[in-house]
Amino acid sequence: YEGKAKRIFACENPDRVLIEFKNNATAFNAKKRSEIKGKGRLNCKISASLFELLELNGIPTHFIELHSETFMFADKVNVIPLEVVIRNIATGSLCRETPINQGEILNPPLLDLYYKDDQLGDPILTEERLKLLDILTDMQLEEVYKITRSVNKILKEYFESLDLLLVDFKLEFGTNTSGKLVVADEISPDNCRFWDKKISDPKERILDKDRFRQDLGGVLNAYEEILKRIEKDSSNAT
Ligand code: UDP
């Protein structure tokens, strides 16, 4: 299977897949496209580190192990067509679609659900519409909420220690071949927003895909900075 930013290969073991992180960048529902050399490697390594951190904190994820710099082994999952966004600071679509001000702290964090469908443009869902779609059980939905809030707490504290603000991010979920609900997809600057805590300039502080969305330049440098801080932290830990 080939998606916008990843390629998925079957493995001999039917419970596993090999995921390749590509250099393609897309935004605005793939209306804006580019290739950013080196992005695949950075997103693969950043995602692997963050999945490891989550697993250490008891969060079930599809991650198994890195295969190489741009490939990882993961559980084969049936992806639930749901994008779960959690926001700590208001920006992006929340500020385009509501009168909430940019940079407003959201406490408690705001959780938004979107239906994952490119043709429909990933529309926002109410809980009742989600129930009508019948893409997950009530129990799975409760688990999705619980896991997303825990992931946010773990990652927010972790990035705080790296002098980064975790503004918001999107998670996807799937069920593996044992039927277990796990966090799938990736966790990288492609689907998280990070602001440098020590920079106040609203454009300069951006260290994520918004640099690509807003044509700010320095996309790869920003992703490299995220990996550098993660790696510096892990060398401190060992
Ligand atoms: N996001 C994503 N995929 C999407 C839409 C959003 O990964 O299809 C991420 C995005 O990177 C950000 C968060 O979800 O970290 C919230 O995005 P928002 O709803 O503000 O949408 P945007 O402003 O990007 O259109």
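Structure's up top.
Residues numbered from 1 in each chain as written. Predicted model: local features only at pLDDT ≥ 70, side-chain atom pairs only at ≥ 80, totals over all residues. Heavy atoms only, no water.

## A short note on the site of the ligand
Now for step 1: What surrounds the ligand is a group of 17 residues, the closest being Arg87, Ser93, Asp168, Arg193 and Arg213.
Now for step 2: A distance of 2.9 Å separates an oxygen atom of the ligand from a polar side-chain atom of Arg96.
Now for step 3: Within the backbone of Asn191, a nitrogen or oxygen atom sits 3.5 Å from an oxygen atom of the ligand.
Now for step 4: In the complex, the protein chains occlude 81% of the 510 Å² of accessible area that the ligand would expose alone.
Now for step 5: Of all the elements in the fold, those that place two or more residues in the shell around the ligand are β8 (82–89), α2 (93–97), β10 (164–176) and β12 (192–196).
Now for step 6: A per-class count over the shell around the ligand returns four nonpolar, four polar and nine charged. (Near = heavy atom within 4 Å. Polar contact = N/O pair within 3.5 Å; in protein donor to acceptor, adjacent residues only side chain to side chain. Areas by Shrake-Rupley, 256 points an atom, 1.4 Å probe, with all protein chains shown as cover. Helix = DSSP H or I, 4+ residues; strand = E, 2+ residues; numbered from the N terminus. Nonpolar A, V, L, I, M, F, W, Y, C, P; charged D, E, K, R; others polar.)

## Some words on the nonpolar core
Now for step 1: Counting residues in hydrophobic clusters, the biggest one holds 56 residues, and the most contacted among them are Leu113, Leu155, Phe159 and Phe173.
Now for step 2: Ranked by residue count, the leading element in this core is helix α4 (residues 138–161), at nine residues.
Now for step 3: Those residues in contact with Leu113, other than ones at most four positions away along the chain, are Leu82, Glu83, Val84, Pro123, Ile124, Leu125, Leu130, Leu141 and Tyr145. (Core = buried A, V, L, I, M, F, W, Y, C linked by side-chain atoms within 4.5 Å. Buried < 20%, exposed > 50% of the residue type's maximum accessible area, 1.4 Å probe, protein only. Contact = heavy atoms within 4.5 Å.)

## Some details on the packing of helix α1 (residues 39–56) against helix α6 (residues 219–237)
Now for step 1: Running from amino to carboxyl end, α1 crosses α6 at an angle of 30 degrees, the nearest separation of the two axes being 10 Å. Accordingly, the angle class assigned to the pair α1 and α6 is roughly parallel. Handedness of the α1/α6 crossing: left-handed. Between α1 and α6, the contacting residues are Lys39, Leu42, Asn43, Lys45, Ile46, Ser49 and Leu50 on the first element and Leu220, Tyr223, Glu224, Ile226, Leu227, Ile230 and Glu231 on the second. (Axes fitted to C-alpha atoms, helices over the stretch in contact; angles between N-to-C directions. Parallel < 35°, antiparallel > 145°, perpendicular 65-115°, else oblique. Left-handed = near helix turned anticlockwise from the far one by under 90°.)

## Some points on the packing of aromatic side chains
Now for step 1: Under the criterion given, the structure shown has four aromatic pairs.
Now for step 2: Aromatic side chains Phe9 and Phe71 sit 6.1 Å apart centroid to centroid with 40 degrees between the ring planes, which places their arrangement in the tilted category. With Phe9 in strand β1 (residues 6–10) and Phe71 in strand β6 (residues 71–75), this pair connects stretches of sequence that are 62 residues apart.
Now for step 3: Ring centres 4.6 Å apart and planes at 50 degrees place the aromatic pair Phe159 and Phe194 in the tilted group. Here Phe194 lies in strand β12 and Phe159 lies in helix α4, a separation of 35 residues in the sequence. Phe194 matches Phe159 in its accessibility class, with the two residues each being buried. (Phe/Tyr/Trp six-rings, centres within 6.5 Å; stacked < 30°, edge-to-face > 60°.)

## Some points on the pattern of salt bridges
Now for step 1: Here the structure, examined in full by the defined rule, presents 27 salt bridges.
Now for step 2: Between Asp168 and Arg87 there is a salt bridge, with its nearest N and O atoms 3.8 Å apart. One end of the pair, Asp168, is in strand β10; the other, Arg87, is in strand β8, with 81 residues separating them in the sequence. The pair formed by Asp168 and Arg87 is uniform in burial state, with each residue classed as buried.
Now for step 3: Its salt-bridge partner being Arg193, residue Asp168 comes within 2.8 Å of it at the nearest N-O pair. Of this pair, Asp168 sits in strand β10 while Arg193 sits in strand β12, placing them 25 residues apart in sequence.
Now for step 4: Given a relative accessible area of 13%, Arg193 falls into the buried group.
Now for step 5: Three or more residues are tied together by salt bridges with common partners; here these are Lys6, Lys116, Lys170, Glu172, Asp185 and Glu186. (Salt bridge = Lys/Arg side-chain N within 4 Å of Asp/Glu carboxyl O.)

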